[in-house]
Amino acid sequence: MAIARTDPIDDHVIEQDWPAYRADEHQIWRRLVARQRAHLPGRAAVDFLAGLDALAILDGGIPDFERLNKILGRATGWRIVAVPGLVPDDVFFTHLANRRFPAARFIRTPEQMDYLEQPDVFHDVFGHAPLLINPVFADYMRAYGAGGLKALGLGALKRLSRLYWYTVEFGLIETAAGLRIYGAGIVSSGGEVAFALDSPSPHHIRFDLKRVLRTNYRIDDYQANYFVIRDYRELFDLAQRDFIPIYRALENAPDIAPGETVAEDTLLQRGSGEYHA
Ligand code: PHE
Ligand code: FE
């Protein structure tokens, strides 16, 4: 597929080259899907599950991005572009701001089923693509890209990246049926799907923007706290705010460590903190 290059930067985009995937790579995808499938019913958010269905990525192996992009494009104007792996912040944000989700092309090896250092195509596509079907969430992601570019210019990226972490990657949502997972980092993890909801260890804290912007995170273990939104509109609405006064107001606010709570927190589950890796 020819990819239109419109950005005045190196966008890091490569061809997915779908025909080049080997049978053993498709087989790893199928194993990963089968594992997640067992955990997701009753735990993943309905919009996430609906997105999985709409994209038809449960059956078959590693999906062809071109096929997914027809479905995503019709729904919300998003598309997935292949990249070699992690890309620089400005490149990442520019893609999001233009409704392109950069996804790694490679898939993990059988030895990396449980842990890998960098997001692979399974995390990026299985974890992130389904919610891009939801128009409200899709708009939030686009706005986040613009907000990321702005934060880069303000030296505020460390703060803003916590918002991405605790929503897009590790977010929980309250529903009439109970708490559900919408974060890509959880839904694509073999162990964290059950841990996030069923373990008494982590805190479940009502989402609060400034609180989240102050909270450090762990990148190599299950989270010690998860933040719970009421609906995706809550994210969309905060994205409309100008963050400059918010960054300024937080300039002297101390960071909060993972697992720590503060007096203003509304705790839906006070964690026992008993889990240690
Ligand atoms: N609107 C925010 C700003 O002015 C940016 C933003 C968008 C932040 C979406 C988070 C999510 O900086
Ligand atoms: Fe991710």
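Being a predicted model, the structure only gives us computed values, none of them experimental.

1. Regarding the pattern of salt bridges
As enumerated under the stated definition, the model contains 14 salt bridges in all. Where Arg37 meets Asp59, a salt bridge forms, and the shortest distance between an N and an O atom there is 3.7 Å. Taken together, the residues span a long stretch of sequence, with Arg37 in helix H1 (residues 23-39) and Asp59 in the loop between helix H2 (46-55) and helix H3 (65-76) at a distance of 22 residues. Taking relative accessible area as the criterion, Asp59 reaches 60% and is therefore assigned exposed. Across the pair Glu174 and Arg206 runs a salt bridge whose closest N-O atoms are separated by 3.0 Å. With Glu174 in strand E3 (residues 172-175) and Arg206 in strand E5 (residues 203-206), this residue pair connects regions lying 32 residues apart in the sequence. Each of Lys158, Arg159, Arg162 and Asp255 takes part in a single network of salt bridges with overlapping partners.

2. Quick word on the nonpolar core
Counting residues in hydrophobic clusters, the biggest one holds 81 residues, and the most contacted among them are Trp29, Val125, Phe126, Phe137, Met141, Leu163 and Tyr182. In terms of residue count, helix H7 (residues 157-169) provides more of this core than any other element does, 7 residues in total.

3. Quick notes on the sheet that holds strand E6 (residues 225-229)
On the basis of which strands lie adjacent, the open sheet formed by 5 strands has the order E4-E3-E6-E5-E7 and mixed pairing. Each end of this open sheet is capped by a strand with a single partner; those strands are strand E4 (178-181) and strand E7 (267-269). Averaged over all pairs of adjacent strands, the angle between strand axes in this sheet comes to 35°, irrespective of strand direction. As defined by bridge partners, E3 adjoins E6 across 2 bridges and the pair is classed as parallel. Residue Ile173 lies in a different strand from E6, and its bridge partner there is Ile229.

4. Let's talk about the side chain of Gln16
Here Gln16 lies in the segment before H1. Taking the relative accessible area as the measure of exposure, Gln16 reaches 8% and is therefore buried. Among all residues touching Gln16, those that are not within four sequence positions of it are Tyr21, Ile62, Pro63, Asp64, Phe65, Ala82 and Arg105.

5. Focus: the site of ligand 1
Inspection of the region around ligand 1 gives Tyr140, Ala143, Tyr144, Gly147, Lys150, Leu160, Leu163, Ala239, Arg241, Asp242 and Phe243 as its neighbouring residues. One of the side-chain N or O atoms of Lys150 is found 2.4 Å from an oxygen atom in ligand 1. Between an oxygen atom of ligand 1 and a main-chain N or O atom of Phe243, the distance comes to 3.0 Å. Computed on the free molecule, ligand 1 has an accessible area of 320 Å², of which 94% lies beneath the protein chains in the complex. Elements supplying a minimum of two residues to the shell around ligand 1: helix H6 (135-154) and H7. Here the element with the most residues in the shell around ligand 1 is H6; it accounts for 5 residues. Among the residues forming the shell around ligand 1, the class breakdown is 7 nonpolar, 1 polar and 3 charged.

Here is what the cut-offs are and how they apply
- Along each chain, numbering runs from 1 in the same order as the chain's sequence is written.
- Chain letters start at A and ligand numbers start at 1, both assigned in the order the entries are written.
- Totals for whole chains, interfaces and linings use every residue, but because this is a predicted model, local features are given only for residues with pLDDT of at least 70 and side-chain atom pairs only at 80 or more, for both listing and counting.
- The side-chain numbers reported here are obtained from all heavy atoms of the structure, hydrogens and water having been left aside.
- The term salt bridge refers to a pairing of a side-chain nitrogen on Lys or Arg with a carboxyl oxygen on Asp or Glu at a separation within 4 Å.
- Counting from the N terminus, the helices are the DSSP runs of H or I reaching at least four residues and the strands are the DSSP runs of E reaching at least two.
- When accessible area is computed with a 1.4 Å probe and restricted to protein chains, residues below 20% of their type maximum are described as buried, those above 50% as exposed, and intermediate ones as partly exposed.
- For our purposes a nonpolar core is just a set of buried Ala, Val, Leu, Ile, Met, Phe, Trp, Tyr and Cys residues, chained together by side-chain atoms within 4.5 Å.
- Pairs of strands are assigned from DSSP output, requiring at least two bridges between the strands.
- Angular values range over 0 to 180 degrees, each being the angle between N-to-C directions of two axes fitted as lines to C-alpha atoms, with helices fitted over their stretch in contact.
- By the convention used here, residues are in contact when the closest approach between their heavy atoms is within 4.5 Å.
- Whether a residue is near a molecule or strand is decided by its heavy atoms; if any one of them lies within 4 Å of it, the residue is near.
- Side-chain atoms alone can form a polar contact between residues adjacent in sequence; in general such a contact is a pair of N or O atoms within 3.5 Å, and within protein one must be able to donate a hydrogen while the other accepts it.
- For the accessible areas, the method is Shrake-Rupley and the probe is 1.4 Å, while residue cover comes only from the protein chains on display.
- When residue character is reported, Ala, Val, Leu, Ile, Met, Phe, Trp, Tyr, Cys and Pro are called nonpolar, Asp, Glu, Lys and Arg charged, and the others, Gly included, polar.

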